[in-house]
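Working through the structure, step by step
Here is how the chains run, residue by residue.
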Amino acid sequence: MIEINLTGRKALVTGGSRGIGAGIVQILAQCNALVSFTYKQNVQAANQLCQEFQGKAQVLAFCTPAENIDAMRATVKKAAQAMGGLDILVHNVGALWPAQLQELELKEWNRGIEMNLTTAFIALKAAYPYLRKVPRGDIVLISSSAVIDGGGGSAFYAAAKAGVEGMMKALMRELPQKNIHINTIHPCVVDTDLFRVRYDTHEKRAKVSKQVPLGRLGKPEDIGYLVAFLCSQMGGFICGQSILVDGGRTMWRKT
Ligand SMILES: NC(=O)c1ccc[n+]([C@@H]2O[C@H](COP(=O)([O-])OP(=O)(O)OC[C@H]3O[C@@H](n4cnc5c(N)ncnc54)[C@H](OP(=O)(O)O)[C@@H]3O)[C@@H](O)[C@H]2O)c1
């Protein structure tokens, strides 16, 4: 029987207390990886997730603002010390709020780029010294189907998420030589708090799920399964890829 076994691998997931990040933490821990995650403020959600694995797997939480490079460096150091190293980075932090061009001011644009693109650079800078030392490092960047269809409700979001993909392509020229795999996942309509800000009623969510050929919204673990696969032996020859996890919605809506 083939199974995804991440025994001995040490992962850090940014923004892991809720939503997609929490789904990734759960699946990695279920595959027997050691997992640390960051969050911003929701201590209760972070503690709950750690408790879920108490006595079963090591899951550690760090309150760390993703936009602060010093804080991220300190957290990566502490997480690597606690886990005995670091060989997987999943950068998942992102933020979205609707804003039309007319109302979008430069300050808000800059904040959107900071949250969705600069945080990815910061996480990579903080994790790279550890990833380059291990026999195989993995980086998985969480972007968005917005890079394909411009969705999400604001120009900064699609622009920043496309920037994440561009960054991956540039880093393909240097990271694989250091045995670091890098891939990007584009989620779409995953039922999380972020999603529910935009689709805040049952009716709106039901309407969106009808746009998905597979007939349902995504679940955080749908993204977690792909992360685990990419970071396992089975993903050993996959590098520099952008993969949609969207139930077919993005392509279907284009046809
Ligand atoms: N949901 C979707 O349909 C969808 C679609 C496409 C792409 N995505 C992308 O997937 C990623 C996760 O989305 P989600 O829907 O799971 O979001 P979410 O429900 O809003 O969860 C966000 C997570 O990130 C943490 N976080 C937020 N700001 C942070 C900061 N400044 N520093 C550190 N941690 C921070 C939150 O921590 P606290 O608990 O402390 O607040 C929480 O754990 C994002 O990059 C998003 O753009 C989502």
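Described in the following lines is the structure provided in the data block. (Residues numbered from 1 in each chain as written. Predicted model: local features only at pLDDT ≥ 70, side-chain atom pairs only at ≥ 80, totals over all residues. Heavy atoms only, no water.)

Time to look at the overall build of the protein. Across its full length, the protein holds 10 helices and 7 strands. In terms of overall dimensions, the protein is globule-like: its C-alpha atoms have a radius of gyration of 17 Å, near the 18 Å expected for 255 residues. Its C-alpha atoms give the protein principal-axis dimensions of about 50 × 45 × 40 Å. Counting all 255 residues of the protein, 49% fall into the buried class. Looking at the protein alone, contacts between residues at least 24 apart form 75% of all its contacts between residues at least 6 apart. Surface summary for the protein: the accessible area is close to 12500 Å², and the carbon and sulfur share equals 53%. In the protein, 29 side chains carry a positive charge and 20 a negative one; their mean positions are 4 Å apart. (Helix = DSSP H or I, 4+ residues; strand = E, 2+ residues; numbered from the N terminus. Rg over C-alpha atoms; globule rule 2.2 N^0.38 Å. Buried < 20%, exposed > 50% of the residue type's maximum accessible area, 1.4 Å probe, protein only. Contact = heavy atoms within 4.5 Å. Areas by Shrake-Rupley, 256 points an atom, 1.4 Å probe, with all protein chains shown as cover. Lys, Arg positive; Asp, Glu negative; His and termini not counted. Charge placed at Lys NZ, Arg CZ, Asp CG, Glu CD.)

At a closest axis distance of 8 Å, the pairing of helix α4 (residues 106-131) and helix α6 (residues 155-171) adopts a crossing angle of 25°. For the element pair α4 / α6, the angle class is roughly parallel. The handedness of the crossing between α4 and α6 comes out as right-handed. Listed contacts from α6 to E108, W109, G112, I113, N116, L117, A120, F121 and L124 of α4 are A155, F156, Y157, A159, A160, K161, G163, V164, M167 and L171. Residues belonging to the contact of α4 with α6 are distributed by class as follows: 14 nonpolar, 3 polar and 2 charged. (Axes fitted to C-alpha atoms, helices over the stretch in contact; angles between N-to-C directions. Parallel < 35°, antiparallel > 145°, perpendicular 65-115°, else oblique. Left-handed = near helix turned anticlockwise from the far one by under 90°. Nonpolar A, V, L, I, M, F, W, Y, C, P; charged D, E, K, R; others polar.)

A few words on the site of the ligand. Among the 31 residues in the neighbourhood of the ligand, the closest are listed as S17, R18, Q41, Y157 and T192. Note that an oxygen atom of the ligand is positioned 3.4 Å from one of the backbone N or O atoms of G94. Calculation on the ligand without its partners gives an accessible area of 910 Å², and the protein chains cover 94% of this total. At the level of elements, α1 (19-30), α6 and α7 (193-198) are the ones that each hand at least two residues to the shell around the ligand. Considering each element in turn, the shell around the ligand owes the most residues, 3 residues, to α7. Tallied by class, residues from the shell around the ligand come to 14 nonpolar, 12 polar and 5 charged. (Near = heavy atom within 4 Å. Polar contact = N/O pair within 3.5 Å; in protein donor to acceptor, adjacent residues only side chain to side chain.)

Turning next to the sheet that holds strand β7 (residues 242-245). Spatially, the 7 strands line up as an open sheet ordered β3-β2-β1-β4-β5-β6-β7, and their pairing is parallel. Looking at the sheet topology across the chains shown, the edges are occupied by β3 (59-63) and β7. Here the average twist between neighbouring strands, direction ignored, is 20°. One ladder, built from 4 bridges, connects strand β6 (residues 180-187) with β7; its direction is parallel. (Pairing = 2+ DSSP bridges.)

What follows deals with helix α9 (residues 220-231). Taking 1.5 Å per residue as the helical rise, α9 with its 12 residues ought to reach 16 Å, and the 17 Å between its terminal C-alpha atoms agrees with that figure. Where burial is concerned, most of α9 is hidden: 9 out of the 12 residues are buried. Every buried residue of α9 is listed here: P220, D222, I223, G224, L226, V227, A228, L230 and C231. Considering only its buried residues, α9 is in contact with α1, β4 (88-91), β5 (137-142), β6 and β7. (Expected span 1.5 Å × (residues − 1).)

This brings us to the pairing of β3. When strand β2 (residues 34-39) meets β3, the two strands line up parallel, connected through 5 bridges. Counterpart to T38 in the pairing with β3 is F62. After leaving β2, the chain enters helix α2 (residues 43-52) and then returns to the sheet as β3, a path that is right-handed. (Right-handed = clockwise from strand over helix to strand, strands pointing away.)

The next thing to look at is the pairing of β2. The buried fraction of β2 amounts to 5 of the 6 residues, a majority that puts the element mostly inside the structure. As defined by bridge partners, strand β1 (residues 10-13) adjoins β2 across 4 bridges and the pair is classed as parallel. Counted as the bridge partner of V13 is F37 from β2. Running through α1, the crossover from β1 to the neighbouring parallel element β2 is right-handed.

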